[in-house]
Amino acid sequence: MSTTYLETFPWWIALPAAFFMVVGSTLALLGTIGLWQLKSFYDRLHAPTLVSSWGAAAILIGSVLLFSWGGSRLVIHELVIGVFLLVTTPITLMMVGRAALYRDRVAGSRELPEHLHLHEPAPPEAAPAAALPERKAD
Amino acid sequence: MTTGLILWLALTWAQIALALAACFSCLRLFKGPRAQDRVIGLDTLYFCAMLMLVVTGARLGTPFFYEASMVVGVVGFVATVTAAKFLIRGEVIE
């Protein structure tokens, strides 16, 4: 493949952009390897945050550097994607985590630690006040 | 070794690594023992596709990949939230 377009960048743009691109894509690769390898769902929930935090941020910074030289002005519209990822990633992971917690409680899964299970209601001859023990923190 | 070659190598490595990352998240998407694993795999696959579009746009120097990556990001967010809500309630719109 021709490198003529890439030859137009001076070294003080090309080297930081190359560094950020390599760092971001390697972090994305590591995050998905963790997603593939980790054993429990609650471990796997943490691995893709590597992709969405510094993986995406470094790639977007490198893209901002390259486009700013190419357009001979400061091009920061990539940062819109960065801010969007920063806002939406906690929301999606919280929703998926709550869904998994709910499903594990219903199914009585053994992946869930003991104190996170909902306890069975007390038998009817017990006092009604103690029918449902207080739930531990989520 | 010119800086253009270094930048070429870095962008090629970025594309290869993101393709491998998409393959790993596809493995989790197909293998995932339960539905929530598949949702996480799909979310990560959306992220990898979006970053791949950003890297390709930076390599070719065209601004047209930016809108595509933006749309992929928004659709990925909506898809993941909808799937998570479906896993909790069994329906999306009540």
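Here the structure is a predicted model, which means the values were calculated and not measured. (Residues numbered from 1 in each chain as written. Chains lettered and ligands numbered in written order. Predicted model: local features only at pLDDT ≥ 70, side-chain atom pairs only at ≥ 80, totals over all residues. Heavy atoms only, no water.)

Asks: I keep staring at helix α3 (residues 49-70) of chain A and nothing clicks. Help me out?
Replies: Owing to its 3.6 residues per turn, the α-helix aligns residues three or four sequence positions apart on the same side. Residues and elements named next belong to chain A. In a regular helix each residue adds 1.5 Å, so 22 residues correspond to 32 Å; α3 covers 31 Å between its end C-alpha atoms and thus fits that length. At glycine 55, α3 shows its largest bend, some 35 degrees. Two residues or fewer after α3 comes serine 72, characterised by a positive phi angle close to 50 degrees. (Helix = DSSP H or I, 4+ residues; strand = E, 2+ residues; numbered from the N terminus. Expected span 1.5 Å × (residues − 1). Bend = angle between axes of the 7 residues up to and from the residue.)

Asks: What's the story with the interface of chain A and chain B in this structure? I'm lost.
Replies: Interface size is commonly expressed as the accessible area that is lost once the parts come together. Each partner contributes residues to the interface: chain A has 57 residues there, and chain B has 55 residues. A buried area of about 4,800 Å², summed over both sides, lies between chain A and chain B, and 79% of it is on carbon and sulfur atoms. Three residues stand out in chain A for area buried against chain B, namely Leu6(A), Trp36(A) and Arg103(A), and they jointly supply 13% of the buried area on that side. Applying the counting rule to chain A against chain B returns two salt bridges. The residue Asp104(A) makes a salt bridge to Arg34(B) at a minimum N-O spacing of 2.4 Å. On inspection of chain A and its partner chain B, the count reaches seven residue pairs in polar contact (both at pLDDT 80 or more). Elements supplying a minimum of two residues to the side of chain A that touches chain B: α1 (11-37), α2 (41-44), α3 and α4 (78-107) of chain A. Of the residues forming the side of chain A that touches chain B, the biggest block, 19 residues, is contributed by α4(A). By residue class, the composition of the side of chain A that touches chain B is 38 nonpolar, 13 polar and six charged. (Contact = heavy atoms within 4.5 Å. Buried area = accessible area lost by both parts, 1.4 Å probe. Salt bridge = Lys/Arg side-chain N within 4 Å of Asp/Glu carboxyl O. Polar contact = N/O pair within 3.5 Å; in protein donor to acceptor, adjacent residues only side chain to side chain. Nonpolar A, V, L, I, M, F, W, Y, C, P; charged D, E, K, R; others polar.)

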